[in-house]
Amino acid sequence: GQNIDQPTEMTATEGAIVQINCTYQTSGFNGLFWYQQHAGEAPTFLSYNVLDGLEEKGRFSSFLSRSKGYSYLLLKELQMKDSASYLCAVSGGSTLGRLYFGRGTQLTVWP
Amino acid sequence: DTAVSQTPKYLVTQMGNDKSIKCEQNLGHDTMYWYKQDSKKFLKIMFSYNNKELIINETVPNRFSPKSPDKAHLNLHINSLELGDSAVYFCASSLQRGGYEQYFGPGTRLTVT
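Per chain, residue numbering runs from 1 following the sequence as it is written. Going through the entries in the order they are written, you letter the chains from A and number the ligands from 1. Given that the model is predicted, a residue must reach a pLDDT of at least 70 before its local features are reported, and side-chain atom pairs must reach 80 or more before they are shown or counted; all residues, however, enter totals for whole chains, interfaces and linings. Here the side-chain values reflect all heavy atoms present in the structure, with hydrogen atoms and water set aside.

Student: With reference to specific residues and values, describe the nonpolar core.
Tutor: Core analysis: the largest hydrophobic core is formed by 21 residues, its most contacted members being Ile4(A), Leu32(A), Trp34(A), Leu75(A), Leu78(A), Tyr86(A) and Leu107(A). Per the convention used, a helix needs a DSSP run of H or I reaching at least four residues, while a strand needs a run of E reaching at least two, with both numbered from the N terminus. Only strand E3 (18-25), strand E4 (32-37), strand E7 (60-65), strand E8 (70-75), strand E9 (84-91) and strand E11 (105-110) of chain A provide two or more residues apiece to this core. Any two residues whose heavy atoms approach within 4.5 Å at even a single point are treated as in contact. Those residues in contact with Tyr86(A) that sit more than four places away from it in its chain are Gln6(A), Ile20(A), Trp34(A), Tyr35(A), Gln36(A), Leu46(A), Phe60(A), Leu73(A), Leu75(A), Gly104(A), Thr105(A) and Leu107(A). To form a nonpolar core, buried Ala, Val, Leu, Ile, Met, Phe, Trp, Tyr and Cys residues must be joined to one another through side-chain atoms within 4.5 Å. Throughout, exposure labels follow a simple rule: accessible area from a 1.4 Å probe, protein chains only, divided by the maximum for the residue type, with under 20% read as buried, over 50% as exposed, and the rest as partly exposed. Val4(B), Phe47(B), Leu74(B) and Leu76(B) belong to the second largest nonpolar core, which has 19 residues in total.

As structure tokens, this is what we get:
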């Protein structure tokens, strides 16, 4: 089966750096995605990792270690608008294209 | 020029009714999906079509039936609605199957009373 774990909640202050961890167990790994979801809105794509290492995109970076079944999303220079749920999703299993989502990490950024 | 659109955005109906949710994407993608997000915000795949062919059919009640008339459209019909069907339903699309970013529609908030 597939299992994706991430913390339920995190808090941080404006301007700080926060790291959201995600661990997973899956067969047939085809990559790991991070999505951002603001309250009442649709998830939007943040990053995709299929090889080990760090992918940087502006204030956001994502890291993957396939051997450890581990990823993290790093958010720098936090802003109030970064308050949202961050969803870790793994592409894997026997059906190509199937995404398994974690339950999301609700990040609250305080002034 | 919305990429993935869904109608309606809100749907309030009584138990036992039948309802449909429509989804359209103008991105030229081959693959479309239906997800259900429950009150605890857990996002779970229900169905996926690739070029009008059903490729993912999760363990959902057979009261739920998807239909893809063409690869730009994926509709969801729900028969005999139950209280537990209340959730937000998201449609999504991706260029192809596999390691491709999925674009989500705005969601349909279904409330069954």
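Student: Mind laying out the layout of surface pockets, listing which residues take part and the relevant values?
Tutor: Any empty space left between atoms is shown by rolling a water-sized probe over those atoms. In this structure, the largest pocket spans a volume of roughly 530 Å³. In this analysis the probe radius is 1.4 Å and the grid spacing 1 Å, with only protein atoms considered; a cavity is a set of points the probe fits into but cannot get out of, a pocket is an open set with protein on both sides within 12 Å along at least five of seven lines, and lining residues have an atom within 4 Å of a point. The wall of the largest pocket is formed by 28 residues, among which Gln37(A), Gly40(A), Gln37(B), Asp38(B) and Lys41(B) lie closest to the centre. Those elements that place two or more of their residues in the lining of the largest pocket are E11 of chain A together with strand E9 (87-94) and strand E11 (108-112) of chain B. With four residues, E11(B) is the single largest residue contributor to the lining of the largest pocket. As a volume, the second largest pocket reaches approximately 260 Å³. Lining the second largest pocket are 16 residues, and of these Gln2(A), Ile4(A), Phe101(A), Gly102(A) and Phe42(B) lie nearest its centre. Mapped by element, the contributors of at least two residues to the lining of the second largest pocket are strand E1 (3-5) and strand E10 (99-101) of chain A together with strand E5 (43-50) of chain B. Grid points are joined across faces, edges and corners, and a volume is the space filled by probe spheres set on the points.

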